[in-house]
Each structure stands twice: as C-alpha cells, then as structure tokens.
Amino acid sequence: MGDAVELQVGGRTVRLTHPERVFFPAHGYTKLDIAQYYAAVGPGVLRALRDRPTTLQRYPEGLEGEWFYQKRAPKNMPSWIPTAHITFPSGRSADEMCPTEEAAAVWAAQYGTLTFHPWPVRRDDVDHPDELRLDLDPQPGTGYEDAVRAAFELRSVLEEFGGLRGWPKTSGGRGLHVFVPIEPRWTFTQVRRAAVAVGRELARRMPDHVTVKWWKEERGERIFLDYNQTARDRTIASAYSVRPLPDATVSAPLRWDEVADARPRDFDIVTMPRRFAELGDVHADMDDHRYSLDALLDLARRDEAEHGLGDLPYPPEYPKMPGEPKRVQPSRARKDQAPS
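Read on for an overview of the structure. (Residues numbered from 1 in each chain as written. Predicted model: local features only at pLDDT ≥ 70, side-chain atom pairs only at ≥ 80, totals over all residues. Heavy atoms only, no water.)

Re the overall build of the protein chain
Okay, so step 1: Counting its regular elements, the protein chain contains 10 helices and 14 strands.
Okay, so step 2: The C-alpha atoms of the protein chain give 20 Å as radius of gyration, which agrees with the globular expectation for 340 residues (20 Å, within 12%).
Okay, so step 3: Overall size of the protein chain, expressed as C-alpha extent along the three principal axes, is 65 × 45 × 45 Å.
Okay, so step 4: When the 340 residues of the protein chain are sorted by exposure, 55% land in the buried category.
Okay, so step 5: Looking at the protein chain alone, contacts between residues at least 24 apart form 69% of all its contacts between residues at least 6 apart.
Okay, so step 6: Total accessible area computed for the protein chain in this model is approximately 15000 Å², and 47% of it derives from carbon and sulfur atoms. (Helix = DSSP H or I, 4+ residues; strand = E, 2+ residues; numbered from the N terminus. Rg over C-alpha atoms; globule rule 2.2 N^0.38 Å. Buried < 20%, exposed > 50% of the residue type's maximum accessible area, 1.4 Å probe, protein only. Contact = heavy atoms within 4.5 Å. Areas by Shrake-Rupley, 256 points an atom, 1.4 Å probe, with all protein chains shown as cover.)

As structure tokens, this is what we get:
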C-alpha cells in the first residue's frame, strides 16, 4: 500500500490512508479514485446530503470484502461535521452525521463509504420529511426501460395531483428514483400515505406495467413502486452516490429530456465527473421549490372512502401500525386457512 495522501476539499484537508487499496477489482478503481470522485462532484453530493441525517454504506476492504450500514456517527468523526438525533421505529435512537461541507463525503470515503443514504428530513426538524421519494423498482422480467415508461406516466400523475414536479435520477442499478421537494409539515406516516396514493393511481393507469403489491409473489413482471421507501428510517441512495456494483456506477441526476435515452451504465466514477464539469448539478434548483401534498392526501382519502383501499403492509422489522392489514403473505395466509 502507498503512503497516505492529503486532499484539499472546500478549505478542509482530508487525510487518506491506504489510497491504493483496490475497491473495484473489475476496473482497478482504488480508494483514492473514490475520494477524488466525491471531491469532483462535491457541490452536487452536498446538495443531496446537506443537513440530512445520513447512514453510511461502508466497504472498508473494497467491494469484495465485508460491508455494513453505519447509522451512528463514528466516534472519530471530526467536530466540523454536525449530527442530528433521530429515532428509529423500534424506539431506539442515535446521532447520525449531517454533512454541511463538501469535505464530509471525502472524509467518509476514507473509511470505505461507497453509498450515502440520507433521511428525507433536515437536522432542524427530523420528524417532518421535506422530500417525497418515489422508487420505481424493476421486478424480474422487467428492466430499466420499463421503469422509464412508468416514470413518464408518474410525471403526469404528479402534475395532475397538486401540480407537483419531480426530479428524476438513476438508482445506479436497474431502477429510477423521482424526488419531489415538499413543505416539511407532514409526518412520515402521511408522506407514506401520499406515496401509496401515487402508486395506486399509477397502477390504475398502467395495470399491466406497475404494481404496489408488497408481496413479491403478487407483483409479476411489473415495476414495483416501493411506497415503503417513504417509511421512517427507510432511505434511498443519494444523488451522486457510488453503488456497490462491479462497474462503480453512480446514482445520476437527470433532466426529464434525458430520461428516455439515458442508461444507468452511462454514469460511473469516471464519466460523472466529466458530466459534472460540463453541466454542473442538473438538480441544483431542487431546493428552490416546495410543494404541497394536499391533493395526494385527498386522493388517499377518496381511495379509502370510495374503494375501501386502506393502508398497505409495512416492512417486517416495523411494529404493527394502526390500520395496517395483516402482515402475512397471501400464499401463507391461504395455507393457514385451509381446512385440515
């Protein structure tokens, strides 16, 4: 391993040990490559993370080594990176890092962080999300092109219910994410309810193409709008995050006029800095907007009153939630109810 190096980022000096450690064997990308990537897209990744409690997805030995999610702020974190106290669904709590400077991402790369998972809240109000995050997740038999088709219809749904505008990005894998900046006046439960309403409306318009079925056995070859990504402590990889995939692809912010032709493989730690140098952060104006969820919550109320469509299942690690249906997959429920 080579000697430690020091990187100058936004007026901070970040020390990088073992810079030649290979993190992506297929291409020989090193820890230094990851750190320099985050320095190159610093304004963009900071825009995505600024003041947000952030979980680190760490690969200290590289992609082929053991990895883990770090929710609690590391004890050796420098004093210039603030924290926020957040509470998990279990009732436990922790202090999570909240980046406020570009150097924070490079500092995290020193400890093997590839992907940043920020909460949809800011540290001054950790109970009221300021983003509605919609995850279009291709199921087996579908792919990115199917997610693109769903994304354009999703764009129409958002416009029709409250004049909402979404900012699209690749997941870095096979899917697409659409983020909507919202006023921070609704709880996690209410924001999740709005996501369920969006998903149901999208599935009504594209019944053979989109689903909100939680159980995999019911989804079929359709795009799953994962409404549970809006539940408390469920996070989505940030814009510009490096994904733990062999080609070191990244979650790429897109303009809507790019969505049809872009492909996740187009954006990695080599190509994204060139794009960023040319275009800057194409989502830079996102924080200039704040939308209301009133129309979507009205839609949720109509779904329940007129169609009997109440809540949907939560993830398995969550406590039973009020109004939640039975959290048992349909095939198991049928088996349990069969006569002996």
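Some thoughts on the pairing of strand β2 (residues 12-16)
Okay, so step 1: Across five bridges, the pairing between strand β1 (residues 5-9) and β2 is antiparallel. Its bridge partner lying in β2, Glu6 is registered against Arg15.
Okay, so step 2: Hairpin connection between β1 and β2: a loop of two residues separates the two successive antiparallel strands, and Gly10 in this loop has a positive phi of roughly 55°. (Pairing = 2+ DSSP bridges.)

Thoughts on the packing of aromatic side chains
Okay, so step 1: Scanning all chains against the criterion turns up 14 aromatic pairs.
Okay, so step 2: By the ring-pair criterion, three or more aromatic residues cluster together here, those being Tyr37, Tyr38 and Phe116.
Okay, so step 3: Positioned over the ring face of Phe88 is Lys71, at 5.0 Å from the centre of the ring.
Okay, so step 4: The ring of Trp214 carries Arg219 above its face, with NZ or CZ at 6.0 Å from the centroid. (Phe/Tyr/Trp six-rings, centres within 6.5 Å; stacked < 30°, edge-to-face > 60°. Lys NZ or Arg CZ within 6 Å of the ring centre and 35° of its normal.)

Notes on the pairing of strand β9 (residues 113-118)
Okay, so step 1: The element β9 is largely enclosed, with a buried count of six among its six residues.
Okay, so step 2: With five bridges connecting them, strand β5 (residues 54-58) and β9 associate as antiparallel partners. Looking at the pairing, Gln57 lines up with Thr115 of β9.

Some thoughts on the pattern of salt bridges
Okay, so step 1: Counted according to the given criterion, the structure contains 29 salt bridges.
Okay, so step 2: For Arg192, the salt bridge goes to Asp311, with nearest N and O atoms at 2.7 Å. With Arg192 in helix α5 (residues 188-205) and Asp311 in the loop between α9 (294-307) and α10 (330-337), this pair connects stretches of sequence that are 119 residues apart.
Okay, so step 3: In this structure, a network of salt bridges that share partners links the residues Arg52, Arg122, Asp130, Glu131, Arg133, Asp287 and Arg290. (Salt bridge = Lys/Arg side-chain N within 4 Å of Asp/Glu carboxyl O.)

Some remarks on empty space enclosed by the protein
Okay, so step 1: Inspection of every chain in the model, using the stated rule, returns one cavity of 30 Å³ or more.
Okay, so step 2: Estimates place the volume of the largest cavity at around 70 Å³.
Okay, so step 3: Arg47, Ala48, Arg52, Pro118, Glu131, Arg133, Lys169, Phe179, Ser238, Ala239 and His283 are the residues that line the largest cavity.
Okay, so step 4: Broken down by class, the residue content of the lining of the largest cavity amounts to four nonpolar, two polar and five charged. (1 Å grid on protein atoms, 1.4 Å probe; cavity = no way out; pocket = protein on both sides within 12 Å on 5 of 7 lines; lining within 4 Å. Points joined across faces, edges and corners; volume = space filled by probe spheres on them. Nonpolar A, V, L, I, M, F, W, Y, C, P; charged D, E, K, R; others polar.)

What about the layout of surface pockets?
Okay, so step 1: If you add up the space inside the largest pocket, you get close to 780 Å³.
Okay, so step 2: Only β5, β10 (131-138) and α6 (216-219) provide two or more residues apiece to the lining of the largest pocket.
Okay, so step 3: At four residues, the largest contribution of residues to the lining of the largest pocket is made by β10.
Okay, so step 4: Its residues placed into classes, the lining of the largest pocket shows 11 nonpolar, 10 polar and 12 charged.
Okay, so step 5: Taken as a whole, the second largest pocket spans an internal volume of roughly 360 Å³.
Okay, so step 6: In terms of lining residues, the second largest pocket is bounded by 19 residues, among which Arg200, Val212, Lys213, Leu309 and Leu312 are the most central.
Okay, so step 7: Every element with two or more residues in the lining of the second largest pocket is listed here: α5 and β13 (210-211).

Notes on the nonpolar core
Okay, so step 1: Ranked by internal contacts, the top residues of the largest apolar core, which has 92 residues, are Tyr38 and Leu136.
Okay, so step 2: Residues in contact with Leu136, not counting those within four places in the same chain, are Ala147, Ala150, Ala151, Leu154, Gly175, Leu176, Leu202, Ile223, Phe224 and Leu225.
Okay, so step 3: In terms of nonpolar packing, the next biggest core, distinct from the first, is built from nine residues, Ala84, Ile86, Cys98 and Val126 among them. (Core = buried A, V, L, I, M, F, W, Y, C linked by side-chain atoms within 4.5 Å.)

A look at the sheet that holds β10
Okay, so step 1: Ordered by their spatial adjacency, five strands build an open sheet running β11-β12-β10-β14-β13, and the pairing between neighbours is mixed. The strands lining the two open edges of the sheet, one partner per strand, are β11 (167-170) and β13.
Okay, so step 2: Across three bridges, β10 lies against strand β14 (residues 223-225) in antiparallel orientation. Pairing of Leu136 across the sheet is with Leu225, part of β14.
Okay, so step 3: The sheet contacts of helix α4 (residues 144-160) involve β10, β11, β12 (176-181), β13 and β14, and relative to β10 the element is tilted by about 150°. (Axes fitted to C-alpha atoms, helices over the stretch in contact; angles between N-to-C directions.)

Section: the packing of helix α1 (residues 31-40) against helix α3 (residues 103-110)
Between two packed helices, both the angle of their axes relative to each other and the distance between the axes serve to describe the pair.
Okay, so step 1: It is at 8 Å that the axes of α1 and α3 come closest, and there the two elements cross at 170°. Considering the angle they form, α1 stands roughly antiparallel to α3. Side by side, α1 and α3 meet where Lys31, Ile34, Ala35, Tyr38 and Ala39 of the first sit next to Ala105, Val106, Ala109 and Gln110 of the second.
Okay, so step 2: Tallied by class, residues from the contact of α1 with α3 come to seven nonpolar, one polar and one charged. (Parallel < 35°, antiparallel > 145°, perpendicular 65-115°, else oblique.)

In short, shape yes, function no, at least from these values alone.
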